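# Structure assessment
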Amino acid sequence: MTSTLPLAEFPNLSLEPARMPRHVAMVMDGNGRWANQRGLARCEGHRRGKDSVRAAVEAARELGIPYLTLFAFSTENWLRPGVEVRFLMQLLQRYLTTELKRMMKRGIRVVALGELERLPAPVRRALQQTIEATAENRAMTVALALSYGGRQEIVKTARRLTEAVAAGRIRPEQIDEPAFAGALATADIPDPDLLIRTSGEIRLSNFYLFQLAYTELYFTETLWPDFRERDLLAALEAYQARQRRFGALVENVAAAASLSAAN
Ligand code: FPP
């Protein structure tokens, strides 16, 4: 594991490399409040939030975390003022083009999930280019949840499976938890071990509703634009201090964990 960079700067932290989460998911919240507190326009919070995205991605990569999901734009975010939506879309497009070199250098693969067809054409193009260029990278996968909603994903999946039943391609009894999970956009991504939400809000906001069933939840008061390596390390330390039971008793945790992973 190549964890020397961030960990060396925080000698008081005690992280066990063997117990790192495989998948960390992040709800990046608080950009607007960060800007308001400084008398700035909300978009300035988003702009600064882009730096936090880079910091989180690169720290996770250094720590050897194989999967990171960033909830970058929800289905509900389309309801924000047009000027803010346009700014967020431009920021995303710029992020995708300017970060590509750094991602290639670090072996980072980018995937995306959500109603991607709703994104403006230039963003879709930049996204497609980044996905294709990074497809063979293996060090870490960054999943961008864009125009994403957990309920929408579940409903869409249910509809696809129902259509498959109606067409006779599968039988109803073949739809079990692993089959359902395998039909979601996250089929190739393990369920998150840890969810981090910034800005003190304690809710899921329609994010990964199926996938978070046994995820450890971590909420921090830090506003997303202030989120840096130290905040990720603090979340990981809290995660490692937890005892995951997957609904089982302590003595049966291993069996319950493998059942959850199989799903
Ligand atoms: C929530 O803050 C954040 C968002 C709606 C967008 C997330 C976008 C970024 C972090 C910027 C860049 C992202 C990428 C992937 C380049 P909020 O506006 O809801 O904050 P508030 O709750 O304080 O108003």
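Residues numbered from 1 in each chain as written. Predicted model: local features only at pLDDT ≥ 70, side-chain atom pairs only at ≥ 80, totals over all residues. Heavy atoms only, no water.

### What about the packing of aromatic side chains?
Put simply, the test is: Planes of paired rings set the category: under 30 degrees apart is stacked, over 60 is edge-to-face and the rest tilted, where pairs are Phe, Tyr or Trp rings (Trp by its six-membered ring) whose centres lie within 6.5 Å. Each helix corresponds to a stretch of at least 4 residues labelled H or I by DSSP, and each strand to a stretch of at least 2 residues labelled E; elements are numbered beginning at the N terminus. Here the term buried applies to any residue with accessible area under 20% of the maximum for its type, exposed to any over 50%, and partly exposed to those in between, with areas from a 1.4 Å probe on protein chains only.
Overall, the coordinates contain eight aromatic pairs when judged by the stated rule. Taking the centre distance of 6.1 Å and the plane angle of 85° together, the rings of Tyr-148 and Phe-207 count as edge-to-face. Highlighted residues: Tyr-148 in strand β4 (residues 140-148) and Phe-207 in the loop between β5 (194-197) and β6 (216-219), separated in sequence by 59 residues. According to the relative accessible area criterion, Tyr-148 is buried, its value standing at 2%. We classify Phe-207 as buried; its relative accessible area is 0%. Centre to centre, the rings of Phe-207 and Tyr-208 are 4.5 Å apart; their planes meet at 10°, and the pair counts as stacked. Residue class for Tyr-208 comes out buried when judged on its relative accessible area of 1%. A connected cluster of aromatic rings, assembled from ring pairs, spans Phe-71, Tyr-148, Phe-207 and Tyr-208.

### Side note on the site of the ligand
Defined as follows: Working definition: residue near molecule or strand if any one of its non-hydrogen atoms lies within 4 Å of it. Residues adjacent in sequence count toward polar contacts only when both atoms are side-chain atoms; beyond that, a polar contact is any pair of N or O atoms within 3.5 Å, and within protein one must be able to donate a hydrogen and the other to accept it. The protein chains shown are the only cover counted for residues, whose accessible areas, like all others here, come from Shrake-Rupley with a 1.4 Å probe. As a working rule, the residues Ala, Val, Leu, Ile, Met, Phe, Trp, Tyr, Cys and Pro are called nonpolar, Asp, Glu, Lys and Arg charged, and the rest polar, with Gly in that last group.
Neighbouring the ligand are 16 residues, the closest being Met-28, Gly-32, Arg-33, Arg-42 and Arg-80. One of the backbone nitrogen or oxygen atoms of Asn-31 is found 3.1 Å away from an oxygen atom of the ligand. Here Arg-33 contributes a backbone N or O atom positioned 2.7 Å from an oxygen atom of the ligand. When isolated, the ligand has an accessible area of 620 Å², and the protein chains bury 91% of it. Of all the secondary structure elements, the ones that give two or more residues to the shell around the ligand are α2 (31-37), α3 (42-63) and α4 (82-105). Its residues assigned to classes, the shell around the ligand comprises seven nonpolar, five polar and four charged.

### Digging into the side chain of Thr-130
To be explicit about the condition: Residues count as neighbours in contact if any of their non-hydrogen atoms are within 4.5 Å of one another.
Relative to the helices and strands, Thr-130 resides in helix α5 (residues 121-134). Thr-130 gets classed as buried once you look at its relative accessible area, which sits at 2%. Not counting residues within four places of it along the chain, the set of residues in contact with Thr-130 comprises Leu-96, Leu-100 and Val-110.

### Brief notes about the environment of Glu-136
Note on placement: Glu-136 falls in the loop between α5 and β4. A relative accessible area of 64% places Glu-136 in the exposed class. Through-space distance from the C-alpha of Glu-136 to that of Arg-42 is 36 Å; in sequence the pair is 94 residues apart.

### A word on the pattern of salt bridges
The line we're drawing: Salt bridges are counted wherever a side-chain nitrogen of Lys or Arg sits within 4 Å of a carboxyl oxygen of Asp or Glu.
As enumerated under the stated definition, the model contains 16 salt bridges in all. The partner of Arg-33 in a salt bridge is Asp-29, and the shortest N-O contact between them spans 3.5 Å. Exposure remark for Arg-33: the relative accessible area of 31% places this residue in the partly exposed category. Owing to a relative accessible area of 17%, Asp-29 belongs among the buried residues under this scheme. As a salt-bridge pair, Asp-29 and Arg-197 come within 2.9 Å of each other at their nearest N and O atoms. Highlighted residues: Asp-29 in the loop between β1 (23-27) and α2 and Arg-197 in strand β5, separated in sequence by 168 residues. Owing to a relative accessible area of 4%, Arg-197 belongs among the buried residues under this scheme. Residues joined in a network through salt bridges with shared partners are Asp-29, Arg-33, Arg-197, Glu-201 and Arg-203.

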